[in-house]
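Architecture and fold: a report
What follows is each chain in one-letter form.
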Amino acid sequence: MAGQAAASQAWKIIADLFGGVFVGLAIGFGIDHFAGTSPVGIIGGVLLGFAISVWMAWRTAQRLMAEANKHGEPKSVPFDDEDEGA
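One structure accompanies this document, and this report is about it. (Residues numbered from 1 in each chain as written. Predicted model: local features only at pLDDT ≥ 70, side-chain atom pairs only at ≥ 80, totals over all residues. Heavy atoms only, no water.)

**Some remarks on the overall build of the protein chain**
- Scanning the protein chain for helices and strands turns up two helices and zero strands.
- Across the 86 residues that make up the protein chain, the buried fraction comes to 14%.
- For the protein chain, the proportion of contacts with a sequence separation of at least 24, taken over those separated by at least 6, is 57%.
- Here the protein chain displays about 7,000 Å² of accessible surface, and carbon together with sulfur accounts for 70% of that area. (Helix = DSSP H or I, 4+ residues; strand = E, 2+ residues; numbered from the N terminus. Buried < 20%, exposed > 50% of the residue type's maximum accessible area, 1.4 Å probe, protein only. Contact = heavy atoms within 4.5 Å. Areas by Shrake-Rupley, 256 points an atom, 1.4 Å probe, with all protein chains shown as cover.)

**A look at the pattern of salt bridges**
- Taken as a whole and assessed by the stated rule, the structure comprises one salt bridge.
- Of the charged contacts, one joins Lys 12 and Asp 16 as a salt bridge, the two residues approaching to 3.1 Å between their closest N and O atoms. Here Lys 12 and its partner Asp 16 are both found in helix 1 (residues 2-35), four residues apart, which amounts to about one turn of the helix. (Salt bridge = Lys/Arg side-chain N within 4 Å of Asp/Glu carboxyl O.)

**Details of the packing of aromatic side chains**
- Inspection of the entire model under this criterion finds one aromatic pair.
- Aromatic pair Phe 18 and Phe 22: ring centres 6.4 Å apart, planes at 20 degrees, arrangement stacked. Here Phe 18 pairs with Phe 22, and both are found in helix 1, just four residues apart, close to one helical turn. The two residues Phe 18 and Phe 22 agree in class, both being exposed. (Phe/Tyr/Trp six-rings, centres within 6.5 Å; stacked < 30°, edge-to-face > 60°.)

**Concerning a nonpolar patch on the surface**
- On the surface, Trp 11, Ile 14, Phe 18, Phe 22 and Leu 25 cluster together into a nonpolar patch covering about 560 Å² of accessible area.
- Note on placement: Trp 11 falls in helix 1.
- Residue Trp 11 is classed as exposed on the basis of its relative accessible area of 61%. (Patch = residues over 30% accessible without salt bridge, like charges linked within 9 Å, V, L, I, M, F, W, Y side chains within 5 Å.)

**A look at the environment of Gly 20**
- Along the chain, Gly 20 falls in helix 1.
- By relative accessible area, Gly 20 is classed as buried at 16%.
- Sequence separation between Gly 20 and Gly 49 is 29 residues; the distance between their C-alpha atoms is 4.6 Å.
- Not counting residues within four places of it along the chain, the set of residues in contact with Gly 20 comprises Gly 49 and Ser 53.

**Considerations on the environment of Leu 64**
- Looking at the secondary structure, you find Leu 64 in helix 2 (residues 40-71).
- A residue is classified by how much of its surface remains accessible, and Leu 64, at 23% relative accessible area, is partly exposed.
- As a C-alpha pair, Leu 64 and Gln 9 span 55 residues in sequence and 8.5 Å in three-dimensional space.
- Not counting the four nearest positions on each side in its chain, Leu 64 is found in contact with Gln 9 and Ile 13.

Have a look at this one:
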């Protein structure tokens, strides 16, 4: 269960990173289309989207680290040798 929760949080961070860039690209494209400033709007939008997405990913990682520290050290898992071939 903990592995699934960690994987879902990792996918959330990845989605934040890509989503921010794509939203910035779309906004920059819209600005370029209406203002006729091509390619300044697209470049600025992608850079701004990237910066915001990195900030969001950092904030999510900080929240996860604070939550992990609140729960203390993880318990050790005993070695399971039944999965190895005979």
